[in-house]
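Chain residues, written in single-letter form:
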Amino acid sequence: MEPEKSLTLFDSKIKCKSQMTLMTVEEYLNLTKLEGNIYQRDLQRLSFYQKLIEDLLNDGVMPPISIVKQEERFLILDGLQRTNCLHKCIELIEKGEKSSFESVELFKQKEIYVEIWEEMTLESLLYKMIVLNTGQKKMDFAHQLEILSTSVQHKLKKDGISFNTKAERQGDLLNITTITEGLASFINGSPLKSKANAAEFLFNRFNSINEDVNDSLNLVNDTETYELLKWTISELNSKLNKLYGERNPFISNDVFYVSFMASLGFSIKKIGYEELDKKKNNLIEQLSKDIDVFNINDYETYYNSFSTGIGTKKRKLVFDAFREYFIKGGGEDKIDWRLAYDLI
């Protein structure tokens, strides 16, 4: 870029440089793609952006787009919808739409503001995503949870642990949004009632930590918690799939896994990791012998018996049942769903 067409600033929070530049539409579109921008919500209907399209066709000034260098490509950090509008303008001009530009080539030479960030750590990327999306139309909560768990996903993939994502699904695996919702409830020590609450909890947790941004966005800060999470996703879920098949409550009901994770978080505060480790090893030993520790018939009976306050009561049922099991049970005990039901 010519010196007069760029300005470099340093972000002390994430210790990273950004360069605000003027570049042509053609230069920008050659740098980016509409696909694969995981830090943006899905493409919206262009009818939402009709006014912006009209302004662009009339040579109006568009708000800056933010992009970041990641390995061999640029990802759009903020401005996916505006980028889509640029593509739409080219399509409309090609079809003869009335505009201030006599040809597509002239439109492609139109200058726009683009903020270019140098390569960031994953945590810094998530931080900028949060800041840039504040006050904007929200991406869906499942997508927010999937993005917030990116650091966890990287660890799990490195360890060969499989899970479902929005793009890739397999019947007997946990979904990463459910895993993240469960992790939030684990940290909270009680079940959060929805994906919206889980996302809000994690955002608030992030905003309340005044230390290094890399620490605040690392959802799993210690080895014990990560190993416990990995155990639920891999070994425990595998045992449940083998014993219960399609009735595996981890897979058939998100609420079950989320509430189970909350019970683990609560139990650790009461008995510690060492004692909980004994309980979970015993659980695996029992399941390996095809012992119906989860007492699946009773679970389904009581779980499906609520007619009012269904979501809250189901969460409390599972949470209380496993809280009692991990803190007071063990050995050859099975989950006492009747006791948990009576506590509601």
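Residues numbered from 1 in each chain as written. Predicted model: local features only at pLDDT ≥ 70, side-chain atom pairs only at ≥ 80, totals over all residues. Heavy atoms only, no water.

Caption draft 1: Highlighting helix H2 (residues 50-57). For H2, every residue scored as buried is listed here: Leu52, Ile53, Leu56 and Leu57. All buried residues of H2 fall inside an arc of 135 degrees around its axis, so they share one side. On its buried face, H2 sits against helix H3 (80-94) and helix H4 (104-108). Two residues or fewer past H2, Asp59 is found with a positive phi of approximately 65 degrees. (Buried < 20%, exposed > 50% of the residue type's maximum accessible area, 1.4 Å probe, protein only. Helix = DSSP H or I, 4+ residues; strand = E, 2+ residues; numbered from the N terminus. Arc of directions from axis to C-beta. Contact = heavy atoms within 4.5 Å.)

Caption draft 2: View of a negative patch on the surface. A surface patch of like charges, here negative, comprises Glu71, Glu72, Glu118 and Glu119. In this structure, Glu118 sits in the loop between strand E5 (111-117) and helix H5 (122-133). (Patch = residues over 30% accessible without salt bridge, like charges linked within 9 Å, V, L, I, M, F, W, Y side chains within 5 Å. Areas by Shrake-Rupley, 256 points an atom, 1.4 Å probe, with all protein chains shown as cover. Salt bridge = Lys/Arg side-chain N within 4 Å of Asp/Glu carboxyl O. Lys, Arg positive; Asp, Glu negative; His and termini not counted. Charge placed at Lys NZ, Arg CZ, Asp CG, Glu CD.)

Caption draft 3: Representation of the confidence of the model for the protein in the model. Mean pLDDT over the protein works out to 85, with 84% of the residues at or above the 70 mark. Taken as a whole, residues 209-217 scores under 50 in pLDDT and shows 22 contacts with residues more than four places along the chain or in a different chain. (pLDDT = per-residue confidence, 0-100.)

Caption draft 4: Region of interest: the packing of aromatic side chains. Summed over all chains, the structure comprises 20 aromatic pairs. Centroid distance Tyr299 to Trp337: 5.1 Å. Interplanar angle 45 degrees. Geometry classified as tilted. Taken together, the residues Tyr299 in helix H14 (residues 296-303) and Trp337 in helix H16 (residues 337-342) connect sequence positions 38 residues apart. Note on Phe322 and Trp337: the rings are 5.9 Å apart at their centroids and 80 degrees apart in plane angle, and the pair reads as edge-to-face. Taken as a pair, Phe322 in helix H15 (residues 310-328) and Trp337 in helix H16 lie far apart in primary sequence, 15 residues in all. (Phe/Tyr/Trp six-rings, centres within 6.5 Å; stacked < 30°, edge-to-face > 60°.)

Caption draft 5: Molecular detail of the sheet that holds strand E3 (residues 65-70). With respect to topology, five strands assemble into an open sheet ordered E1-E2-E5-E3-E4, the strand pairing being mixed. Every interior strand has two partners, whereas the edge strands, strand E1 (6-11) and strand E4 (73-78), have only one. Direction aside, neighbouring strands of the sheet carry axes that sit 30 degrees apart on average. Note: E1 against strand E2 (residues 16-24), six bridges, orientation antiparallel. (Pairing = 2+ DSSP bridges. Axes fitted to C-alpha atoms, helices over the stretch in contact; angles between N-to-C directions.)

Caption draft 6: Quick peek at the packing of helix H8 (residues 176-188) against helix H13 (residues 254-288). Contact geometry for H8 and H13: axes closest at 7 Å, N-to-C directions at 30 degrees. Relative to H13, H8 is oriented roughly parallel. Remark: the crossing between H8 and H13 carries right-handed chirality. Facing H8, whose interface residues are Thr178, Ile179, Glu181, Gly182, Ser185, Phe186, Ile187 and Asn188, H13 presents Asp254, Tyr257, Val258, Met261, Ala262, Leu264, Gly265, Ile268, Lys269 and Tyr273. Looking at the contact of H8 with H13, its residues break down into 10 nonpolar, five polar and three charged. (Parallel < 35°, antiparallel > 145°, perpendicular 65-115°, else oblique. Left-handed = near helix turned anticlockwise from the far one by under 90°. Nonpolar A, V, L, I, M, F, W, Y, C, P; charged D, E, K, R; others polar.)

Caption draft 7: Representation of the pattern of salt bridges. For the structure on display, the rule yields 19 salt bridges. A salt bridge links Lys230 to Glu227, with the shortest nitrogen-to-oxygen separation between them at 3.4 Å. In this pair, Lys230 and Glu227 both sit in helix H11 (residues 223-244), three residues apart, roughly one turn of the helix. For Lys230, a relative accessible area of 17% translates into the label buried.

Caption draft 8: How the structure looks around the pairing of E5. Burial of E5 is extensive: five of the seven residues sit out of reach of the surface. Two elements, E2 and E5, share seven bridges in a ladder whose sense is antiparallel. Counted as the bridge partner of Thr24 is Glu111 from E5. Sheet analysis places E3 next to E5, joined by four bridges and oriented parallel. What sits directly across from Ile65, in E5, is Val114.

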